[in-house]
Structure formats: C-alpha cells, structure tokens
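Listed here are the chains, written in short residue letters.
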Amino acid sequence: MGQKITIEPVTRVEGHGKVTIHLDNDGNIEQTRLHIVEFRGFERFVQGRPYWEMPVLVQRLCGICPVSHHLAAAKATDVIVGAGTGEGLTPTGEKMRRLMHYGQMFQSHSLHFFHLASPDLLFGIESDPLKRNIIHVALEHRDLAVQGVMMRKYGQEVIKATAGKKIHGTGAIPGGINKHLTEEERDYLLHGDDYMNIDKMISWSQDALEFFKEYHKKNKAVIDLFADFPSSYLSLVRKDGALDLYHGVLRAVDTEGKKILHDVDYQEYYKYIDEEVKSWSYMKFPYLKEIGKKTGWYSVGPLARMNTAEFIDTPLAQKEFEFFKKYNEGKPSNKPMHAHWARLIEILHSAEKIKLLLNDPQLMEGELVTKGNKQLEGVGLIEAPRGTLFHHFKIEENDMISMANLIVSTTNNNQPMNEAVNQVATRVMTGKKEITEGMMNAVEVAIRAYDPCLSCATHALGQMPLEFEIYDHENMLIERKFKG
Amino acid sequence: MSKPIIATTSLAGCFGCHMSVLDIDDRILELIELVEFNKSPIDDIKKFTKKCDIGLIEGGCCNSENIHVLKEFREHCRILVSVGECAIMGGLPAMRNGIPIRECLEEAYLNGPTVVANDEKIIPNDPELPMLLDRVYPCHEIVKIDYFLPGCPPREDLIWDALVALVTGDELKLPYEVVKFD
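Residues numbered from 1 in each chain as written. Chains lettered and ligands numbered in written order. Predicted model: local features only at pLDDT ≥ 70, side-chain atom pairs only at ≥ 80, totals over all residues.

## So, the overall build of chain A
Phase 1: Helix and strand counts for chain A come out as 16 helices and 15 strands.
Phase 2: Per-residue burial over chain A gives 57% buried out of 484 residues.
Phase 3: In chain A, 70% of the contacts between residues at least 6 apart in sequence involve partners at least 24 apart. (Helix = DSSP H or I, 4+ residues; strand = E, 2+ residues; numbered from the N terminus. Buried ≥ 20, exposed ≤ 12 C-beta atoms within 10 Å, placed from the backbone. Contact = placed C-beta atoms within 7 Å.)

## Let's talk about the overall build of chain B
Phase 1: Along the backbone of chain B there are seven helices and seven strands.
Phase 2: When the helices and strands of chain B are read in sequence order from the N terminus, they spell out β-α-α-β-β-β-α-β-α-α-β-β-α-α.
Phase 3: Each principal axis of the C-alpha atoms in chain B carries an extent, and together these give about 60 × 40 × 30 Å.
Phase 4: With 182 residues in all, chain B has 48% of them scored as buried.
Phase 5: The long-range share in chain B, meaning contacts at least 24 apart out of those at least 6 apart in sequence, stands at 79%.

## What about the sheet that holds strand 7 (residues 249-253) of chain A?
Backbone-to-backbone hydrogen bonds join strands into a sheet, with any given pair of strands oriented parallel or antiparallel.
Residue and element names in this part refer to chain A.
Phase 1: If you walk across this open sheet you meet the three strands as 6-7-8, and the pairing is antiparallel. The sheet terminates laterally at strand 6 (233-237) and strand 8 (259-264), the two strands that pair on one side only. Strand-to-strand twist across the sheet, computed as the mean angle between neighbouring axes with direction ignored, equals 15 degrees.
Phase 2: Sheet analysis places strand 7 next to strand 8, joined by three bridges and oriented antiparallel. Directly across from Leu-250, in strand 8, lies its bridge partner Val-264. (Pairing = 2+ DSSP bridges. Axes fitted to C-alpha atoms, helices over the stretch in contact; angles between N-to-C directions.)

## Re the environment of Glu36(B)
Residues and elements named next belong to chain B.
Phase 1: Here Glu-36 is to be found in strand 2 (residues 36-37).
Phase 2: Owing to 14 C-beta atoms within 10 Å, Glu-36 belongs among the partly exposed residues under this scheme.
Phase 3: For Glu-36, the contacting residues outside a window of four places in its chain are Lys-3 and Ile-5.

## A look at the sheet that holds strand 12 (residues 387-395) of chain A
Residues and elements named next belong to chain A.
Phase 1: Here three strands make up an open sheet; going across it, the order is 11-12-13 and the pairing antiparallel. Looking along the sheet, the strands with just one partner apiece sit at the ends: strand 11 (377-384) and strand 13 (401-407). For this sheet, the mean inter-axis angle between neighbouring strands, taken without regard to orientation, is 15 degrees.
Phase 2: Where strand 11 lies against strand 12, eight bridges are found, and the strand directions are antiparallel. Note on strand 12: the bridge partner recorded for Leu-381 is Phe-390.
Phase 3: Docked against the sheet, helix 3 (residues 66-80) engages strand 11 and strand 12, running at close to 150 degrees with respect to strand 11.

## Overview of the pairing of strand 13 of chain A
Residues and elements named next belong to chain A.
Phase 1: The element strand 13 is extensively covered by neighbouring structure, given that five of its seven residues are classed as buried.
Phase 2: Here six bridges tie strand 12 to strand 13, and the two strands are oriented antiparallel to one another. Bridge pairing in strand 13 places His-392 opposite Asn-405.
Phase 3: As consecutive antiparallel partners, strand 12 and strand 13 are separated by five residues, and within that stretch Asp-399 has a phi angle of approximately 75 degrees, a positive value.

## Let's talk about helix 11 (residues 315-327) of chain A
Residue and element names in this part refer to chain A.
Phase 1: Along its 13 residues, helix 11 runs 19 Å from first to last C-alpha, staying within 8% of the 18 Å computed at 1.5 Å per residue.
Phase 2: Here helix 11 has its buried residues at Ala-317, Glu-320, Phe-321 and Phe-324. Around the axis of helix 11, the buried residues are gathered within 105 degrees of arc, so they sit on the same side. Exposed residues on helix 11 whose side chains face more than 90 degrees from its buried face are Pro-315, Glu-322 and Lys-326.
Phase 3: The inward-facing, buried residues of helix 11 contact helix 8 (198-218), helix 10 (302-308) and helix 12 (338-358).
Phase 4: Glu-329 sits one or two positions beyond helix 11 and adopts a positive phi of about 55 degrees. (Expected span 1.5 Å × (residues − 1). Arc of directions from axis to C-beta.)

## Here's the deal with unusual backbone geometry
Phase 1: A cis amide bond links Cys152(B) to the next residue, Pro153(B), at an omega of -10 degrees.
Phase 2: Mapped onto the fold, Pro153(B) is located in the loop between strand 7 (147-149) and helix 6 (156-168).
Phase 3: A positive phi angle, near 55 degrees, is found at Glu329(A), a position not held by glycine.
Phase 4: Structurally, Glu329(A) can be placed in the loop between helix 11 and helix 12.
Phase 5: Accessibility expressed as a C-beta count within 10 Å gives 7 for Glu329(A), which makes it exposed.
Phase 6: Positive phi values are uncommon outside glycine, yet Phe15(B) reaches one of about 75 degrees.
Phase 7: In this structure, Phe15(B) sits in the loop between strand 1 (5-10) and helix 1 (16-22).

## Quick look at the interface of chain A and chain B
Phase 1: Chain A puts 69 residues into the contact, and the matching count from chain B is 64 residues.
Phase 2: Going through the elements one at a time, strand 2 (17-23), helix 1 (42-45), helix 5 (134-140), helix 6 (142-163), strand 9 (273-276), strand 13 and strand 14 (467-471) of chain A are the ones with two or more residues in the side of chain A that touches chain B.
Phase 3: The residue makeup of the side of chain A that touches chain B, split by class, is 31 nonpolar, 19 polar and 19 charged. (Nonpolar A, V, L, I, M, F, W, Y, C, P; charged D, E, K, R; others polar.)

## Regarding the confidence of the model for chain A
All names here are of chain A.
Phase 1: When pLDDT is averaged along chain A, the result is 86; 89% of the residues meet or exceed 70.
Phase 2: The spread of mean pLDDT over the elements of chain A runs between strand 14, the lowest at 27, and helix 11, the highest at 98.
Phase 3: Across residues 454-484, confidence stays below pLDDT 50; counting only partners more than four residues off in sequence or on other chains, it has 104 contacts. (pLDDT = per-residue confidence, 0-100.)

## Concerning the environment of Thr426(A)
Phase 1: You can see Thr426(A) is positioned in helix 14 (residues 414-429).
Phase 2: Residue class for Thr426(A) comes out partly exposed when judged on the 14 C-beta atoms lying within 10 Å of it.

## A look at the pairing of strand 6 of chain A
Residue and element names in this part refer to chain A.
Phase 1: Among the five residues that make up strand 6, five are buried, leaving the element largely enclosed by the rest of the structure.
Phase 2: Residues of strand 6 alternate between two faces, with Tyr-233, Ser-235 and Val-237 on one and Leu-234 and Leu-236 on the opposite face, all of them buried.
Phase 3: The pairing of strand 6 with strand 7 spans five bridges and is antiparallel. Within strand 7, the position partnered with Leu-234 by the bridge is Ala-252.

## What about the environment of Ile6(B)?
Residue and element names in this part refer to chain B.
Phase 1: Mapped onto the secondary structure, Ile-6 falls in strand 1.
Phase 2: Given 26 C-beta atoms within 10 Å, Ile-6 falls into the buried group.
Phase 3: Linking Ile-6 and Ile-28, residues 22 residues apart in sequence, is a C-alpha distance of 13 Å.

## Observations concerning the nonpolar core
Phase 1: Among the nonpolar cores identified, the biggest contains 190 residues, and Val421(A), Ala446(A), Ile57(B) and Cys61(B) are the most heavily contacted of them.
Phase 2: At 12 residues, the largest contribution of residues to this core is made by helix 4 (residues 91-123) of chain A.
Phase 3: Dropping the residues within four chain positions of it, Val421(A) is found in contact with Val19(A), Thr32(A), Leu34(A), Val443(A), Ala446(A) and Ile447(A). (Core = buried A, V, L, I, M, F, W, Y, C linked by C-beta atoms within 7 Å.)

Now the structure itself:
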C-alpha cells in the first residue's frame, strides 16, 4: 500500500489551502498537489450591480491587500467612465492612488517578511512548530518584531490617509480619487511621533535588507538551492522598462531572460492569456496562449518583477537591484527563495516613492476626478504585492455589470507553486521511512516563498454541485444528493 | 493563574478581520503578555492542543469544511466570538445566496473570457475539495455564538477593547460609531 500525506491547513500563508502528496510502496513521490479548497463566486454575483460599486465590492475578496483590488477595479472603471487607462487621470488622482498603493506594498511585504516568513529564517525550517510564529519572534528578537509591527503600521497609516480606512477603504473612485492629502496627514507621515517617520522607514528597510543579506551569506543552500526550478516570469513594466508597481505594459520573459510577451497593452490581455481548469483545485491555471497549456505557465510577484524590469527609478533600491542582478549574473533568478530578497528591495523602493509623494504639493490640491465618454468595457491591471492582478468588467447601457473576469496574483502563481511543492517533496521525502513535521514544513516554506494569498484565489466559487451538505436552522445535517 | 488561551480561524472570510487584529499594532506585544495563542493561521498549530478560553471566528460558512472547523472551535473554546460581518450574517460572500450555485460555477469555469480552452467543460469536483453548501450561513445558525463584533472589518480598537474586556471581565462599551460603520 502506498501512503498519502496531507498538510492541512497550510499555515502562515493568507487563506485556505491543502497539500496532498502520494507516495508509492517504495517511498517515491507519485503525485503532489496544492489544492485551493474554497470558492466564492464573485464573477457571477457582482453581475447586476452598478459598476461604481466594484472598487469597494470586489476588494472584499481579500482583506490582506484590499488596496490592490480596490485600485485594479478602480482602474477598470476609469476606462468605463472614459478617463482612459492609467495615464488619463489628473496628477492629483494618479499620485494619491500611487501613494495608497506604495503604502499597501510597504505594509503587505512587511507583514509577509516579519510576521509570516521570519520565523523560518530565525528559528530554522525544522525547528519546534510551537515556536515558529511572530509571537516567539517577539519574545526572542524583540527589536526585529517591533520593527516589523511598526513598518506594517506605517503602511497602514499611509493607506488610511489616502483610502479613508486601513482595511476596505473607499478612496479610489471611477476616474480618480475622493480626497486630497491633508497637511496633518502629510506631516504625520513625514515626521510623526513613535516611529511614524518616513526616514525611519527607509533606514529600517535598509536594515531588513542587510539582515537578509547576512543570513544569505551564512545560509546559501537555503536561499539559493531550495526548490529552484526554471520558470518564465510576467509583470507590468513602465514603457521604458523601469519597475512600475501601479501601471505599465505587460511583459513576460523566459527562464533565460528572453522576452516572450513584448510589452503589450493590457486592455487586450485575453488575447495573450488563457486559463486551464483542473478538477482538483478551485484555482485555475493561467498560461500564455502562444506557448500553450503545457509550458506556457509563468510566475508573478516580486521575483518576477526583478526578472522583467531593467532598472528601478529610485536610487537606493536601484543600488540593491544592481547587486541582485549581479549576483544572478544578469539572468532571471530561478530561485523561489530569492523572492524574499526581491520583496525587501520593493519595500525600500516603496518607502522611497512614499517620501517623494509626501513632498509633492499636487497631492494636497488640484482636480480629483477625470470625466469622459462612457465605455461599455474596461480592464484594470496592477502589480499587487503578490503579482499581476487582472480585473475585467463589462456593463450594460444601464450601468450594471454584465461580465466580470478576475485573474488574481496567486492564481498566476498556481503552476509555479505546484512545481515548487513537487520539487521539495521529491527532494526531502523520497525513500524516507518516516515523514517528519520538518519535511512537511519544508513543503510549506516553498509555498510561503510565493506569499500566496489563498483568500484572493478563492474568489471563484469552486465545486460541481453534484452533492451538498445542507444544515437546517436547528443545526441538523440533512444529507442530500443533487445531480448536476 | 495561567494565561487565557486564544484560538482564531478564518472560514469564508477575506482575512481582513485577522488583519484588523494585527492593526492593534504595538499593543500586540502587550497582548502576547496577557494571553497564549493556540490554533491560528498566524502560527503553526494546526490542531487544538488544549481547551481554549476564547475563539475568534472570522467568516461565515460556505462549505462542509467551514462547518467542521466551526464545530471544532465550539467544542474546544469556552467563549466563541463572531468577528465581522461575514461571521455575523454571511457578509459579502452571501451575495451568492440568491443565485443557483451552478450559475456561479459556470460563470467562473466555463463562460469567462479566459477559459476558452476548457473544451472538456471541467468544473472542479475532486474528492479532496470540500462540499459547497447551498448558501453561505452565518456562524450562529450552525453553533451557539456568545458575542458578536460588528464591522467590515471591526475596527482595531473594538477588537482590542473586546479582548481586554473578555480577559479582565470588565464591561465592554459599544458607542454608536462603532456599531454603525462605513
């Protein structure tokens, strides 16, 4: 008899996931799968709602990076109200949204690095599971924990100042933004009390990078050899090839760095990308049409962005980018654990951008909203913390949504995460008599490198309703069967 | 006296309520002095290792696994708290309640503009995937819930005050602006 191993729930990732690993009699890996086990049904139930609700409604997909959904939906509705794509907003509109987005990037990346991933680095992958959490980081490395908590707080404060609320805000509206930055908000974020100070954030971001680089020097195997495999990479880049987290053209490169998607306009993303459906996961498997289902898959996220971008337009992050590139000999890094490194470079870049924007008077005055001629369809893309996020809406003449298509960042990473699971399982479990908790955590570490937001990924409701369990109000289970 | 023990979970929620817990910021360092954490997505305790005092539930129930987890929480926690709109009334995911589930599935897997190559018309149905319920249920329709914290998400100060009240036994104040939000 073969053996089946289940890791459930996958923890210290955001959302709901499960891994199954099938071993044969000899202990060889037969099959590995990362299942996404929830389904919501957003594509269908937003139909019939007015388009202007999308930025606040669809963001309820995910409370971890709601700003990404808020802004991607706002960008799609910009097109619908005739405000154009990305460049069409007023300077105030675009800059306020960018500030919101960099705040989001800063908090989400900090959350991931300090709260979720640092226990693996500080205590080790095979350490006591009761210890592997932010609480024990706080007990044993208090300074680092304080830094993580306060960096996340700073990002949340930037979001509050631009979106009105830290989680599920309301700032972005079709065609622009609904508020200016006030003087008090600006001063608080520039040089507030209690660490709320952008220069402090920049220096802490640099400290975090130094911490990582030191760790890297001592743990080459963990960072360079853990679960490495070839992949293609996709992201938005600015037209001149710079890293741009808010807007740009769509680019993909292969594992050697050769362009395989040539800086295309994302309004027509569906010409280039399709999704495969598999029976064992609610999450679909996107791929580049031209290359095909089998090998057309790609990775997104911080590492992908380092691999597609040619440079970074802020000086401190650019220096780190050059070092990263040099380390990888100018080629794309195919090492999933380098995503932690890439994430830290983006934290620094976001902090530099926040400083520039806070000092820009256009955030405090000027037109907030652009108006134009109504269109019946719009696509909004953004580089969310976890990678490229696609929102696509069609409306009827009466302004009600008639079609919604969402490809969230983590969905784009579906195949890469499955590859990583397979790599690690094969390496650490093959032929082993006993499967230890540490081996199972190693599989989770590989998943965690992608910082998957499984909450986002379950937006699509997921299972054939052949069979239901229904509970009545008295909490009695009535088993019923339905045939599709 | 030993520290009160807290467990948390997200059912059919978006993790926004968990994020609002983290928004208590540096008070989290105070919190870990006051309480001990057990099963929670922020740590690696995947199964209850002991009886808990307080269970925080985010999200409603949309599938059989949510029901299972919720019942497990009821069994292991002395006090259960529904945190946020989804736990309290199904929240935004309950927008699917008026729609036949088949339509939701077909829209996601058969009709969208980027599933054109799904020739075999596959809709996920593997035994590893939990059964979807006919609709999204609020938690108190499944098990007894002791307290409810409103908001989408509940603001961090409310979560903090509620936790402190539960731990110390003091009465919780709920001013109008906390109950009426957005």
